[in-house]
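The chain contents come next:
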Amino acid sequence: MGSEIVIIGGGVVGASVAYHLAERGCSDVLVLERAASLGEGSTGKATGGARAQFETDINIQQSLYSLDFFRDWEFDTEYDPKGYLLLATSERQLAYLSRTSERQIELGYEGVHLVTQAEIEEMVAGLNVTDVVGGSFGPRDGFINPLAVLEGFLVGASQRGARVLTGVDVKKIATEKGRVTSIVTADGVIECGNVVIAAGAWSARLAASVGIDLPVTPLRRQIVWAHAPEPLPVDLPMVIDLQDGFHFRPAIDFTHGAAAQDPRAVMFAWPDPEEPPSFATNFDESILDKVGERAYHRAPFLAGSKIIYEKCRAGLYENTPDHHAILGGCEVEGLYFASGFSGHGVMHSPATGRALAEIILDGEASFLDVSSLHIDRFAKGELLHETAFI
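Everything in this summary refers to the structure shown in the same document. These numbers come from a predicted model, not from an experiment.

**Side note on the nonpolar core**
- One finds Ile7, Leu21 and Val196 to be the most contacted residues of the largest nonpolar core, which totals 51 residues.
- For this core, the secondary-structure elements that each account for two or more residues are β1 (2-8), α1 (12-23), β2 (29-33), α3 (57-72), α6 (146-159), β19 (335-339) and α9 (349-362).
- Ranked by the residues each element gives to this core, the list is headed by α1, at 7 residues.
- If sequence neighbours within four positions are ignored, Leu21 has contacts with Ile5, Ile7, Cys26, Val29, Ala357, Ile360 and Leu361.
- Ranked by size, the runner-up nonpolar core spans 28 residues in total, among them Val224, Ala228, Ala299 and Ile307.

**Observations concerning the packing of aromatic side chains**
- Per the counting criterion, the structure on display carries 10 aromatic pairs.
- With a centroid separation of 5.5 Å and an interplanar angle of 80 degrees, the aromatic rings of Tyr19 and Trp73 are classed as edge-to-face. Taken together, the residues span a long stretch of sequence, with Tyr19 in helix α1 and Trp73 in the loop between α3 and β4 (84-88) at a distance of 54 residues.
- Residue class for Tyr19 comes out buried when judged on its relative accessible area of 2%.
- Residues Phe246 and Phe248 carry aromatic rings whose centres are separated by 6.0 Å and whose planes lie at 35 degrees to one another, so their mutual orientation is tilted.
- Cluster of aromatic residues (ring-pair linked, three or more members): Tyr19, Phe69, Trp73, Phe75 and Phe153.
- Over the face of the ring belonging to Trp202 we find Arg34, whose NZ or CZ atom lies 4.3 Å from the ring centre.
- Across from the ring centre of Trp225, 4.9 Å away, lies the NZ or CZ of Lys311, which sits over that ring.

**Some points on the packing of α1 against α6**
- At a closest axis distance of 8 Å, the pairing of α1 and α6 adopts a crossing angle of 35 degrees. The handedness of the crossing between α1 and α6 is left-handed. Across the interface between the two elements, Val12, Ala15, Ser16, Ala18, Tyr19, His20 and Ala22 of α1 pack against Val149, Leu150, Gly152, Phe153, Leu154, Gly156 and Ala157 of α6.
- Classifying every residue of the contact of α1 with α6 gives 10 nonpolar, 4 polar and no charged.

**Thoughts on the state of the cysteines**
- Applying the stated criterion across every chain, the model contains 0 disulfides.
- The cysteine Cys330 is free of any disulfide, with Cys192 supplying the nearest cysteine sulfur at 13 Å.

**Describing the environment of Phe75**
- Tracing the backbone through its elements, the reader meets Phe75 in the loop between α3 and β4.
- Considered as a pair, Phe75 and Gly152 are 77 residues apart in the sequence and their alpha carbons are 5.6 Å apart.

**Some remarks on the side chain of Ser203**
- Summarising the element assignment, Ser203 is placed in helix α7 (residues 203-208).
- Assessed through its relative accessible area of 0%, Ser203 is described here as buried.
- A polar side-chain atom of Ser203 sits 3.2 Å from the main-chain amide nitrogen of Ala199.
- The contact partners of Ser203, leaving out residues within four places of it in the chain, are Ile197, Ala198, Leu214 and Ser339.

**Quick word on the pairing of strand β11 (residues 188-197)**
- One ladder, built from 6 bridges, connects β1 with β11; its direction is parallel. The residue of β11 that forms the bridge with Ser3 is Cys192.
- Sheet topology note: the strand β10 (residues 179-185)/β11 ladder contains 4 bridges and is antiparallel. Across the sheet, Val184 pairs through a bridge with Val189, a residue of β11.
- Here 3 bridges tie β11 to β19, and the two strands are oriented parallel to one another. Note that in β19 the partner of Val195 across the bridge is Leu335.

**Describing the environment of His247**
- The topology assignment puts His247 in strand β14 (residues 247-250).
- The exposure class assigned to His247 is buried, which follows from its relative accessible area of 7%.
- Linking His247 and Ser286, residues 39 residues apart in sequence, is a C-alpha distance of 18 Å.
- Setting aside chain neighbours within four positions, we find His247 in contact with Met238, Val239, Ile240, Met267, Phe268, Ala269, Trp270 and Ile390.

Reading guide: rules and limits
All residue numbers here refer to positions counted from 1 along the written sequence of the relevant chain. Since the coordinates come from a predicted model, pLDDT governs what is reported: local features require at least 70, and pairs of side-chain atoms require 80 or more to be given and counted, while whole-chain, interface and lining totals use all residues. To get the side-chain values, take all heavy atoms of the structure and skip hydrogens and water. For our purposes a nonpolar core is just a set of buried Ala, Val, Leu, Ile, Met, Phe, Trp, Tyr and Cys residues, chained together by side-chain atoms within 4.5 Å. Burial classification: accessible surface area is computed with a 1.4 Å probe over protein chains only, and a residue below 20% of its type maximum counts as buried, one above 50% as exposed, and the rest as partly exposed. Each helix is a run of H or I in the DSSP string that is no shorter than four residues. Each strand is a run of E no shorter than two, and both are numbered from the N terminus. Whether two residues touch is decided by their heavy atoms; if any such pair falls within 4.5 Å, the residues are in contact. Each aromatic pair joins two rings of Phe, Tyr and Trp (for Trp, the six-membered one) with centres within 6.5 Å, and gets the label stacked for planes under 30 degrees apart, edge-to-face for over 60, and tilted for any other angle. In this analysis the charged atom, NZ for Lys or CZ for Arg, is taken to sit over a ring once it is within 6 Å of the ring centre and within 35 degrees of the ring normal. A fitted line through C-alpha atoms serves as each axis, taken over the contacting stretch for helices, and the angle formed by two N-to-C directions is quoted from 0 to 180°. Throughout, a crossing is termed right-handed when the near helix is turned clockwise from the far one, and left-handed when it is turned anticlockwise from it by less than a right angle. Residues are grouped as follows: Ala, Val, Leu, Ile, Met, Phe, Trp, Tyr, Cys and Pro are nonpolar; Asp, Glu, Lys and Arg are charged; all remaining types, including Gly, are polar. Disulfides are defined in this document as cysteine sulfur pairs within 2.5 Å. Side-chain atoms alone can form a polar contact between residues adjacent in sequence; in general such a contact is a pair of N or O atoms within 3.5 Å, and within protein one must be able to donate a hydrogen while the other accepts it. In this analysis, strands are considered paired if DSSP registers two or more bridges between them.

In structure tokens:
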């Protein structure tokens, strides 16, 4: 078995790369997924949020492109622009939101704007704003179904000739004279001319097999699913507390055949600063008290919510030192990275897939300059800075 391009990782990022390559007429593409079925990894564990309220130009630009894609694509991504509401509890945070929203507008984000404490209180009835000095709201931000996006990419790629195999454990990448020649799996060797590492939290291990130090670290992120005592406020957006990253949104079951959305279902998440890097994906119930304390402070109407344990989950972030993705080639000819998304893989997947396809086929991405995301930024000391990392 062989292929011109092998993509290691069948999550939404790898699927997007395959889709965009196939769309360009490159159909000799093979996607390999380690799990027995698709959507079992970080894609299926994601919160399904998508926003353009970022600090760096590259994150804002990727998001704006991807939001348009989710809205206009022939496949239904279930894009629902309920918005993102970012809360500032200090003047410093509010100044940050003022500065970043100005840049977002300059880059084409129409409608993003600052909001006052009174406006926030009106937007989300029952929210505790006693310590809030203001915030920002992005009306194009909102929610998507990660599994629907994944399915759309895979169906589109397959219809154009790409192949997808599950249950394939890639052990290493083989090279000769500085060029990719094949990959070695638990079941044998697959010859190829190009490899894209889109293996999420496991990407660093594969890069190490060819001597590349890929600075991607796994980190567990946990999501709490609950039923509020009363229906949630109408049109509740994603609400994010900038002071500690706590956020909540209406909860939606992304799986096929799920029941209609429960108006009381809510999803909480919080980036626990004491969580150590690991590949752990078990849900640790000790986080419930920490999340509950923050939830009931910010949204008293959630007090008394019933935890739905069977729907609580944990997935893996694939973090880089600057919390930005690593996109593009490297010193090994034919080896490319689509890794290290630091929690933004699903929302940036359309831009990522197109960028990688253009880099592989044309030598560079022409629709968007993604050179700032090249792996060499770490050796050069040209790291990016993003404050709103959750």
